[in-house]
Amino acid sequence: MYRLDSTMARGEGAEQYAASLLSVKPINTDIKTAKPNDQRNRLSVWNKLCYAIGGAPYQITGSALGFFLQIYLLDVAQLDPFHASIILFVGRAWDAVTDPTVGFLVSRSRWTRIGRMMPWILFSTPFAVLTYFLIWYVPPFEQGKVVWYLIFYCLFQSMQTCFHVPYSALTMFISNDQKERDSATAYRMMVEVLGTVLGTAIQGQIVGGDTSCPTEPDEHDSRNSTNTSIVSLNETKRAYLISSGVISIIYIFCATVLFLGVKEKKESGRKVSQLTFCQGLWLVMGYGPYIKLVIGFLFTSLAFMLLEGNFALFITYALGHRKDYQNILLVIMLSGTVTIPFWQWFLTRFGKKKAVYFGITWAVPFMILIVCIKSNLTISYLVSVAAGVSVAAAFLLPWSMLPDVVDDFKVKNPDIHGHEALFYSYYVFFIKFASGLSLGVSTLSLKFAGYVTGSCSQPEAVSLTLKVLVSPVPVALIAVGLLILWTYPIDEERRQGNRKLLQEMLDSESETSVLGSSV
């Protein structure tokens, strides 16, 4: 449940969250000469809130698409599982390709009156909103349905990328003070988790209230049954449009708040080194710690994306909780939101690598339990609460560790500047490509299992396939990912050392800039 894909750039040291959510203390109040610079770099609570709110659209739309798009294409748009698998895979694969492309273009963007990242965010918003709304509209024709969803899904992913890649990199440009970035990141983290809850709640509660089996057989009056089916399906279509309209309005509101409340800071004394696309690719992919982090989380994220993409179908057809699936999904996200402070404390107390192992493995027993027990609604809710704890860790940890790699790269390559967006965009590229692969393969496997579009019940082979997709396969992927992350070299000692070196580099550049201006 990633998106947490489905996600999904934090400032360095996200473990500072618990101490810095409400206020940030000065680094060293004894050094009087540092006060003016500290005051200039400080962010107000309003600035941090506005910055955090800007991350909500990605999570809201991501959770809605991640949990509901597959079941929408199969049971509402009533596409063949093969065609649905093509849409899901190609859309996510296209989305993955656009990430490094946009990251490269952003890294070469020139400074404007509103910054270097903000124009991308501002101008992509209206197109993202329009294409998102059209994804949830069922066109009144049959022949071109696949093309319709493929086009608008790809267009939305492109516009969303033009919003999210610059927004992720914006973390490094809202302040020069690392603790201020940590504090702003903490605000963002909480708002984004709330965004996943909001997306699940809006889509699930509006659509869930109108979802009923459109083809329930009626032995006494097949004609009335058919009429009821048509009415029910039309109501479900209308519910999806209403929920997408609500989410679109929230998207515009969040982008507006971000634009009005955040001022992007220009890096003083630094010039962005211009690299070609291939040079940028080699620069990022040739850095060892980054590769280990990305590949490790690629496997663990793939596990949670398989779980996310198939969980609604699993609850509906394997467990038989058709009328409760949206509430079960909401419980998972609420549980994850509530446990975020615990994981922030755990990061502070035990370090990030230990948090990875403890947090992600927490979900494994519950993945196994949910497919082994006989279908029971109460147990399903209890398992959902427990699983949400691990979802919070899976959401938090990759993005809290990625800035550490960026800082480590800066220490090792002090003469290379302005390529933060490349690290984030390539990371998102791999995660999104994995997401598309998981959704495409899982939907295609349902076709081979004999999935019947629009039916109230499915063959036993479909139930078995769904169980495999939400338990044995994710558990195996988690095991591989954790083995790779064991070799990740940036521990707490190295991270703290990098932080001190970067602060010294920043202070040295500031002194040079002051001396140059005085001359």
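- Where an unreviewed UniProt entry is consulted, the protein appears under the name Major facilitator superfamily (MFS) profile domain-containing protein, with the organism given as Perca fluviatilis.
- The protein has a UniProt comment under Sequence similarities (unreviewed entry) that states "Belongs to the major facilitator superfamily."

### Structural notes on the overall build of the protein
- The helix and strand inventory of the protein stands at 20 helices and 0 strands.
- For the protein, with 519 residues in total, the buried portion stands at 58%.
- With an accessible surface of roughly 21,200 Å², the protein has 67% of that area assigned to carbon and sulfur atoms.

### Observations concerning the pattern of salt bridges
- Applying the stated rule across the entire model yields 8 salt bridges.
- Lys412 is the partner of Asp408 in a salt bridge, and the nearest nitrogen-oxygen pair spans 3.5 Å. Taken as a pair, Asp408 and Lys412 lie in helix α16 (residues 377–412) at a separation of 4 residues, close to a single helical turn.
- Look at Lys412 and you get partly exposed, because its relative accessible area is 46%.
- Note that Arg494 and Asp408 form a salt bridge whose closest N and O atoms lie 2.8 Å from each other. Of the two residues, Arg494 sits in helix α20 (residues 492–518) while Asp408 sits in helix α16, which places them 86 residues apart along the sequence.
- One connected set of salt bridges, linked through shared partners, spans Asp408, Lys412 and Arg494.

### Digging into the nonpolar core
- Grouped together as the largest cluster of nonpolar side chains are 148 residues, with contacts concentrated most on Leu170, Tyr290 and Phe314.
- Looking at this core, the element that brings in the most residues is helix α11 (residues 288–318), giving 17 residues.
- Each of domain 1 (43–211 + 232–265) and domain 2 (274–506) accounts for three or more of the residues forming this core.
- If we skip the residues at most four places from it in the chain, Leu170 touches Tyr51, Met117, Met118, Ile121, Leu258, Val262 and Glu264.

Conventions used here
Residues numbered from 1 in each chain as written. Predicted model: local features only at pLDDT ≥ 70, side-chain atom pairs only at ≥ 80, totals over all residues. Heavy atoms only, no water. UniProt positions renumbered as here; feature names shortened; annotations may be inferred. Helix = DSSP H or I, 4+ residues; strand = E, 2+ residues; numbered from the N terminus. Buried < 20%, exposed > 50% of the residue type's maximum accessible area, 1.4 Å probe, protein only. Areas by Shrake-Rupley, 256 points an atom, 1.4 Å probe, with all protein chains shown as cover. Salt bridge = Lys/Arg side-chain N within 4 Å of Asp/Glu carboxyl O. Core = buried A, V, L, I, M, F, W, Y, C linked by side-chain atoms within 4.5 Å. Domains from an automatic or database assignment. Contact = heavy atoms within 4.5 Å.

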